[in-house]
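Descriptive analysis of the structure
So you can see what is in the structure, the chains are spelled out below.
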Amino acid sequence: MNSDKITKYILFGASLLILVLAGGMLYSLVEGSVPSFRVFGWKFLVTPEWNPTQGDQHFGALAFIVGTLFTSIFALLVAIPLAFSTSLIVAEYFRKTWFANVVSTCVDLLAGIPSVIFGLWGFYALRPFIVSIGLSHQGFGIFTAGLVLAIMIVPYATSLSNSIIMMVPNELKEAAYSLGATRLEVIWNVILPNARSGITASYILAFGRALGETMAVTMLIGNANILPKGLFSTGNTMASVIANEFGEASGVHLSSLIEIGLLLFVITAIINATGKYIIKKFA
Amino acid sequence: MKKIGLFLALALVFASCHSGKKNGNQSSVTLSGAGSTFVMPFYTTAFQKYTPLTGVKVSYGGIGSGGGIRSLKDRVVDFGASDAFLTDTQMTAMPAPVVEFPTCSGAVVMAFNLPGIQDMKLTPDVLANIYLGKIKKWNDPALAQLNPGVKFPNLPITVVYRSDGSGTSNIFTNYLTKVSPEWKAKYGFGTTVNWPVGIGGKGNPGVAGTISQTVGAIGYVESTYAFAQKIPFASVKNQAGIFIKPDFASTSAAGKGTMPADTRIMITNSPDPAAYPIAGFTWVIIYKEQNYNNRTLAQAEALLKLWDWMLSSDAQAIAQQIDYVPLPASVVALDKSILRTVTFNGKPILQ
């Protein structure tokens with residue numbers, strides 16, 4: 001066998017292993033969810049009560065689904081203006097200058113910070129600030145968790161949209177300038193229509209990332225297994241309830257947590273697939 | 001992605017426990033256990049002192065009491081540690097008969113954060129009403145009446161509980177169940193319950209951190225964590241009607257009652273006038289017949305000798321140094337007799 005073939009088989013084996021692992025994970029999630037699904041059926045998706053007390057156990061995922069979507073959507077709404085401005089600064093206004101370099105390095109740095117550090121910052125710095133300006137009396141909740149999440153997903157939203165904005169052909173921009181367009185007009189009429197789908201896709205991927213974030217959210221959301229009533233209400237997310245209760249759970253409780261894991265797996269997969277589809281379809 | 005990490009981490013823990021067991025031979029025996037975080041500081045300190053004495057290495061994973069029970073059930077550890085004894089249902093769910101015995105006890109303290117207030121008295125009623133969400137503000141007349149001279153601020157009460165499953169929660173909710181019929185009817189007790197109000201902190205350190213960082217917070221933590229972080233904590237009125245601070249003497253008093261032969265007892269709301277009412281034992285669980293999964297006699301002997309030593313005055317003194325309460329002599333004697341019922345091929349291992 002020549003070295004070319006050997007390389008091919010090794011590469012094939014490695015990628016097959018990834019497929020098998022992902023399939024195995026999905027299988028074990030489905031298998032683990034069966035006992036819970038037998039007891040609660042589809043009602044699991046629409047029941048907000050989560051009662052793990054022995055003897056009176058009944059579980060529903062609605063509070064966590066709502067909590068997850070609420071924090072992630074709020075985070076996305078906060079992140080979009082930040083990410084969009086950063087992208088324009090780095091990829092257009094200050095393209096290839098020292099300032100763009102510093103900004104994009106800082107954004108990349110944010111992506112490398114472990115989420116527990118974000119959690120600690122939120123806990124010790126952001127939370128007291130929120131209390132001191134009187135937004136909430138204890139500072140935990142959707143708002144705080146969403147704000148920190150927003151900062152965490154900015155790098156994901158920015159780095160992809162940067163390269164997409166940079167990919168807009170220079171000829172087009174030069175043509176617009178030669179027709180007397182201002183910079184703002186070039187951005188709105190040339191860059192955005194060209195880069196729109198890529199930018200949207202990058203925000204969707206960032207949203208997918210927000211859905212699964214665990215540590216920082218657990219530290220800030222208040223971990224109350226209730227339907228959040230508003231932006232300053234406490235709540236809980238799917239990833240965070242799993243992290244919190246997995247160690248001590250058994251029986252139907254454990255199975256319900258695994259079912260939440262399966263739901264999160266499915267939701268994240270759908271979000272990611274949507275993002276990829278948009279890139280493919282419109283790019 | 002986080003859950004993949006979790007599964008991998010668990011897989012690694014299990015795998016390492018497993019390999020540890022397989023490697024066990026005559027010359028160097030390795031034991032492994034997992035469970036309670038409540039008692040972890042005691043076990044890890046004591047095991048470190050035990051290894052140079054005997055050459056036996058003991059690894060302990062603080063993965064939570066429920067996780068410890070599950071690991072023992074899956075036979076991937078030599079012993080499980082839990083702050084909640086096994087219920088009859090859990091006993092029958094085990095693949096083979098097990099024995100369980102307490103190793104020490106500890107207090108759960110009501111820690112709070114109010115500027116300028118270092119001391120507070122709480123009755124079971126007021127405490128239950130705070131956790132039921134009926135007393136919402138610190139300047140509630142019920143609190144003022146109990147604490148003449150203390151100037152409570154007009155602040156909402158931030159109730160803090162454990163978000164993860166926990167033996168500490170088990171002890172605390174067991175106490176609430178005993179003192180409040182309403183709590184008993186609505187929420188009951190267990191390692192996790194459906195908390196009506198408040199915010200959850202992860203682990204004892206998480207709750208202690210949340211309290212110390214949140215003005216107006218009150219929460220329950222294992223005493224060591226409040227002592228270490230110097231967070232003020234309340235005196236609680238015990239069954240005899242005396243307001244009592246959690247300390248070494250009052251926690252020991254709580255554990256003084258008669259221990260049933262199967263050691264399954266909750267010592268919350270003790271009738272002893274000197275006792276602090278929110279305290280509990282922590283247990284170790286092992287299989288009664290030690291010849292399973294190709295275990296060697298040497299392995300079984302090492303396990304039994306370890307726990308025999310953990311009950312000795314040397315090891316119990318370590319518990320006291322780090323703010324746990326050693327077992328009363330009568331319980332040590334009972335534990336030792338339980339250890340002597342553990343067999344290998346039907347023959348008792350310890351004489």
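Residues numbered from 1 in each chain as written. Chains lettered and ligands numbered in written order. Predicted model: local features only at pLDDT ≥ 70, side-chain atom pairs only at ≥ 80, totals over all residues. Heavy atoms only, no water.

**What to know about the side chain of A:T86**
Residues and elements named next belong to chain A. For clarity, the threshold we go by: A helix here means a DSSP run of H or I that spans at least four residues, while a strand means a run of E at least two residues long, and both kinds are numbered starting from the N terminus. Working definition: with a 1.4 Å probe on protein chains only, accessible area under 20% of the residue-type maximum means buried, over 50% means exposed, and in between means partly exposed. Residue contacts follow a heavy-atom distance rule, with two residues in contact if any of their heavy atoms lie within 4.5 Å.
Residue position: T86 is located in helix α2 (residues 62-93). Classification of T86 by relative accessible area gives buried; the value is 15%. When sequence neighbours within four positions are dropped, the list of residues in contact with T86 reads V103, V107, T158 and N162.

**Digging into empty space enclosed by the protein**
Just so we agree on the cut-off: Only protein atoms enter the 1 Å grid used here. Points where a 1.4 Å probe fits but cannot escape make up a cavity, open sets with protein on both sides within 12 Å along at least five of seven lines make up a pocket, and a residue lines them when an atom lies within 4 Å of a point. Grid points are joined across faces, edges and corners, and a volume is the space filled by probe spheres set on the points. For this classification, the nonpolar set comprises Ala, Val, Leu, Ile, Met, Phe, Trp, Tyr, Cys and Pro, the charged set comprises Asp, Glu, Lys and Arg, and every other residue, Gly included, is treated as polar.
Counted according to the given criterion, the structure contains five cavities of 30 Å³ or more. Its boundaries defined by the atoms lining it, the largest cavity holds a volume of some 90 Å³. Lining the largest cavity, in full, are A:P52, A:N223, A:N225, A:E245, B:Y161, B:R162, B:S163, B:T192, B:V193, B:N194 and B:W195. Tallied by class, residues from the lining of the largest cavity come to four nonpolar, five polar and two charged.

**Description of the pairing of strand β11 (residues 279-287) of chain B**
Residues and elements named next belong to chain B. Note the following rule: In short, DSSP must find at least two bridges between two strands for them to pair.
By the criterion of burial, β11 is predominantly enclosed, with nine of the nine residues buried. A two-sided burial pattern is seen for β11, the buried positions comprising A279, F281, W283, I285 and Y287 on one face and G280, T282, V284 and I286 on the other. Here strand β3 (residues 79-82) pairs with β11 via three bridges, running antiparallel. Looking across to β11, one finds that S82 is bridged to W283. Note that strand β4 (residues 98-113) and β11 share nine bridges and pair antiparallel. Bridged to F101 within β11 is V284.

**Section: the domain arrangement of chain A**
All names here are of chain A. The condition that has to hold: Marked domain ranges trace back to an automatic or database domain assignment. Simply put, the buried area is the total loss of 1.4 Å probe accessible area from both parts when two parts are fitted together. Note on definitions: salt bridges are taken to be side-chain nitrogens of Lys or Arg within 4 Å of carboxyl oxygens of Asp or Glu. We define a polar contact as two N or O atoms separated by no more than 3.5 Å, with the added condition that, inside protein, one atom must be a possible hydrogen donor and the other a possible acceptor, whereas residues neighbouring each other in sequence contribute only through side-chain atom pairs.
Examined at the domain level, chain A breaks down into domain 1 (2-51) and domain 2 (64-282). Between domain 1 and domain 2, the C-alpha centre-to-centre distance is 25 Å. For the pairing of domain 1 and domain 2, the buried interface totals around 1,400 Å² over both sides, and the portion due to carbon and sulfur atoms is 76%. Interface area lost by domain 1 to domain 2 is led by L29, F44 and W50, which between them contribute 44%. Across the contact surface, domain 1 and domain 2 share zero salt bridges. Linking domain 1 to domain 2 there are five residue pairs in polar contact (both at pLDDT 80 or more). The element that contributes the greatest number of residues to the side of domain 1 that touches domain 2 is helix α1 (residues 3-40), accounting for 13 residues. Partitioning the side of domain 1 that touches domain 2 into residue classes produces 13 nonpolar, four polar and no charged.

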